[in-house]
Amino acid sequence: MNKPGMISKTGDSITITWAALEESKTNGEEVLSYKIGW
Amino acid sequence: MVSCTDYYASLYDITGLNAQKFYNVKIAAVNSCGLSEYSPILEVATTNCPIKPQDVLTTIDGADVVISWAAQANIVSWEVLFQGKNKSWTRISECSDSLDLADPSCKLSNTKIQEETNLDAQELIIVKIRGSNSSCSGPWSDVNTGDAKIASCPEKMAAPFFDDKEAQIRKDSITINWTKLTGV
């Protein structure tokens, strides 16, 4: 996936956004969820 | 690390972080085949927020209630909420507008609080407060500080009476007596 973007941040939270994975990059299988790490 | 199981989502709030810290955020997609490679890292620093308000005090001043708390640096606004009878929180305009940021307090009538919160007589007035600076809002203060309560209304009085009916009833006026209520 592409790098996520930041929408807003506070002292104790960050709101991120991302572009959906293109169908050509899913090997024909539907995306079920996303895993976000920090 | 969390899983965002709504695959239609494209937005996520990462919460419970520490102020003024750097975080590296990355994302991967999951399908029936497994996990994709993680994205490049997004570097983000959280902001510096106000601290939890201290010394929150509610006191009675005649027919009014005074709410005061300790000032903090760089505050641009304070938010004061009152707990209603149904436990929901409500804002009262007298404690929202034109607060002195350097010496924060607000004063409003006991009656106004009763009207806005629907609390019964002698119920404790519960408030919570938080400050905001140009970056973010701080945490809410502890609740239930101070001991101000909703004032009790006077009970129903006995009927007025005459001590000397003949003397107190005149052609164009009357004089009445009543039994004084205690504690008024």
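Residues numbered from 1 in each chain as written. Chains lettered and ligands numbered in written order. Predicted model: local features only at pLDDT ≥ 70, side-chain atom pairs only at ≥ 80, totals over all residues.

Caption draft 1: Layout of the overall build of chain B. Counting secondary structure elements, chain B contains two helices and eleven strands. Across the 184 residues in chain B, those meeting the buried criterion constitute 19%. When contacts within chain B are restricted to residue pairs at least 6 apart in sequence, long-range pairs at least 24 apart make up 61% of them. (Helix = DSSP H or I, 4+ residues; strand = E, 2+ residues; numbered from the N terminus. Buried ≥ 20, exposed ≤ 12 C-beta atoms within 10 Å, placed from the backbone. Contact = placed C-beta atoms within 7 Å.)

Caption draft 2: Structural detail: the sheet that holds strand β1 (residues 5-9) of chain A. Pairing in this open sheet of three strands is antiparallel, and the strands run β1(A)-β2(A)-β2(B) from one edge to the other. The open sheet terminates on both sides in strands that have one partner only, identified here as β1 of chain A together with β2 (11-14) of chain B. Taking the axes of each pair of neighbouring strands and ignoring which way they run, one obtains an average angle of 25° across the sheet. (Pairing = 2+ DSSP bridges. Axes fitted to C-alpha atoms, helices over the stretch in contact; angles between N-to-C directions.)

Caption draft 3: Region of the structure containing the pairing of strand β6 (residues 57-61) of chain B. All names here are of chain B. Pairing of β6 with strand β7 (residues 64-68), which is carried by five bridges, proceeds in the antiparallel orientation. Within the sheet, the bridge partner assigned to Leu-57 lies in β7 and is Ser-68. Where β6 folds back on β7, the antiparallel hairpin that results is connected by two residues, among which Gly-62 adopts a positive phi of roughly 65°.

Caption draft 4: A look at helix α1 (residues 110-117) of chain B. Residues and elements named next belong to chain B. Here α1 has its buried residues at Asn-110, Ile-113 and Thr-117. Take α1 and look down its axis: the buried residues cluster within an arc of 60°, on one side only. In the core, the buried residues of α1 are packed alongside β7, β8 (77-83), β9 (89-91) and β10 (105-109). Just beyond α1, the residue with positive phi is Asn-118, at close to 60°. (Arc of directions from axis to C-beta.)

Caption draft 5: Representation of the environment of Thr-47 of chain B within the structure. Its place among the elements puts Thr-47 of chain B in the loop between β5 (42-45) and β6. Sequence separation between Thr-47 of chain B and Ala-19 of chain B is 28 residues, and the spatial gap between their C-alpha atoms is 5.5 Å. Sequence-distant contacts of Thr-47 of chain B, that is, excluding residues within four places in its chain, are made with Lys-9, Thr-10 and Gly-11 of chain A together with Ala-19, Ser-135 and Cys-136 of chain B.

Caption draft 6: Local environment of the interface of chain A and chain B. With 30 residues of chain A in contact, the opposing surface of chain B contributes 39 residues. If you list the elements that add at least two residues to the side of chain A that touches chain B, you get β1, β2 (14-17) and β3 (31-37) of chain A. Take the side of chain A that touches chain B: its biggest share by element is seven residues, from β3 of chain A. Within the side of chain A that touches chain B, the residues separate by chemical class into 14 nonpolar, ten polar and six charged. Across six bridges, β3 of chain A lies against strand β3 (residues 22-31) of chain B in antiparallel orientation. Within β3 of chain B, the residue paired with Ile-36 of chain A across the bridge is Ile-27 of chain B. (Nonpolar A, V, L, I, M, F, W, Y, C, P; charged D, E, K, R; others polar.)

Caption draft 7: Quick look at the nonpolar core. Counting residues in each nonpolar core, the largest one holds 17 residues, and the members touching the most others are Ile-67, Val-80, Ile-125, Val-127 and Ile-129 of chain B. Only β7, β8 and β11 (127-132) of chain B provide two or more residues apiece to this core. Residues within four places of Ile-125 of chain B in sequence aside, it is in contact with Thr-58, Val-65, Phe-82, Ile-113, Ala-148, Lys-149 and Ile-150 of chain B. Membership of the second largest hydrophobic core comes to ten residues, among which are Ile-14 and Ile-36 of chain A together with Val-25 and Ile-27 of chain B. (Core = buried A, V, L, I, M, F, W, Y, C linked by C-beta atoms within 7 Å.)

Caption draft 8: Spotlight on the confidence of the model for chain B. Confidence in the prediction for chain B averages 86 pLDDT; 93% of positions are at 70 or higher. In the predicted assembly, ipTM is 0.92 and pTM is 0.54. (pLDDT = per-residue confidence, 0-100.)

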